[in-house]
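Next come the chains, spelled out residue by residue.
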Amino acid sequence: TIMKTSLCVLLFTIFASIAVVEATDAHASHILVKTEQEANDLLERINGGEDFAALAKAHSTCPSGKKGGSLGTFRPGQMVQEFNDVVFNEDVGVVHGPVQTRFGYHLILTHERND
C-alpha cells in the first residue's frame, strides 16, 4: 500500500505538471502583407475604427485571411519566434505591429491568452 500511495502521488505530480504546461495557450489573428508600408497603412485604418477581420479578408496574403485572419488557438513555440514573442508577451486585445518575420509583415491581435 505504501508503494501504491507513492505511485499515485508520483502520477498525480506528473499529470499536474502536464496540465500546467498545456494550460498556456492563446487565440490570435493576424494580417500578413509583403511590405512594412502596407502594414502601417492597415494599422492606421484599424486605429481609425475599421474592422480588423474585414481588413484581413481583403488584404492578408495568408490563407487565414479568409477567416478574418484567425489562427485559432495555439501554444508557445508553434509559431515563428517573432510572432510567438508578441502573442505570449504583449497586451491582449491590442493590435501589435508591424512585426517582421521571414513571411512578411504582420499585424497581430491576441484575442485571449491563458497563462
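Before going into details, it helps to say that this report is about the structure given with it. (Residues numbered from 1 in each chain as written. Predicted model: local features only at pLDDT ≥ 70, side-chain atom pairs only at ≥ 80, totals over all residues. Heavy atoms only, no water.)

**Notes on a negative patch on the surface**
Next up, step 1: A cluster of acidic residues, Glu 82, Asp 85, Glu 90 and Asp 91, forms a negative patch at the surface.
Next up, step 2: With respect to the helices, strands and loops of the structure, Glu 82 is situated in helix 4 (residues 81-89). (Patch = residues over 30% accessible without salt bridge, like charges linked within 9 Å, V, L, I, M, F, W, Y side chains within 5 Å. Areas by Shrake-Rupley, 256 points an atom, 1.4 Å probe, with all protein chains shown as cover. Salt bridge = Lys/Arg side-chain N within 4 Å of Asp/Glu carboxyl O. Lys, Arg positive; Asp, Glu negative; His and termini not counted. Charge placed at Lys NZ, Arg CZ, Asp CG, Glu CD. Helix = DSSP H or I, 4+ residues; strand = E, 2+ residues; numbered from the N terminus.)

**Comments concerning the nonpolar core**
Next up, step 1: Counting 12 residues, the largest nonpolar core consists of Ile 31, Val 33, Ala 39, Leu 42, Leu 43, Ile 46, Phe 52, Leu 55, Ala 56, Tyr 105, Leu 107 and Leu 109.
Next up, step 2: Per-element accounting of this core gives the leading share, 4 residues, to helix 2 (residues 36-47).
Next up, step 3: Apart from residues no more than four positions distant in its own chain, Ile 31 is found in contact with Leu 42, Ile 46, Phe 52, Leu 55, Ala 56, Ser 60, Tyr 105, His 106 and Leu 107. (Core = buried A, V, L, I, M, F, W, Y, C linked by side-chain atoms within 4.5 Å. Buried < 20%, exposed > 50% of the residue type's maximum accessible area, 1.4 Å probe, protein only. Contact = heavy atoms within 4.5 Å.)

**With respect to the packing of helix 2 against helix 3 (residues 52-59)**
Next up, step 1: Taken N-terminus to C-terminus, the directions of helix 2 and helix 3 make an angle of 150°; their axes are 10 Å apart at the nearest point. With respect to their mutual orientation, helix 2 and helix 3 come out roughly antiparallel. In this structure, helix 2 meets helix 3 at a crossing whose hand is right-handed. Contact residues: Leu 42, Arg 45 and Ile 46 in helix 2; Phe 52, Leu 55 and His 59 in helix 3.
Next up, step 2: Partitioning the contact of helix 2 with helix 3 into residue classes produces 4 nonpolar, 1 polar and 1 charged. (Axes fitted to C-alpha atoms, helices over the stretch in contact; angles between N-to-C directions. Parallel < 35°, antiparallel > 145°, perpendicular 65-115°, else oblique. Left-handed = near helix turned anticlockwise from the far one by under 90°. Nonpolar A, V, L, I, M, F, W, Y, C, P; charged D, E, K, R; others polar.)

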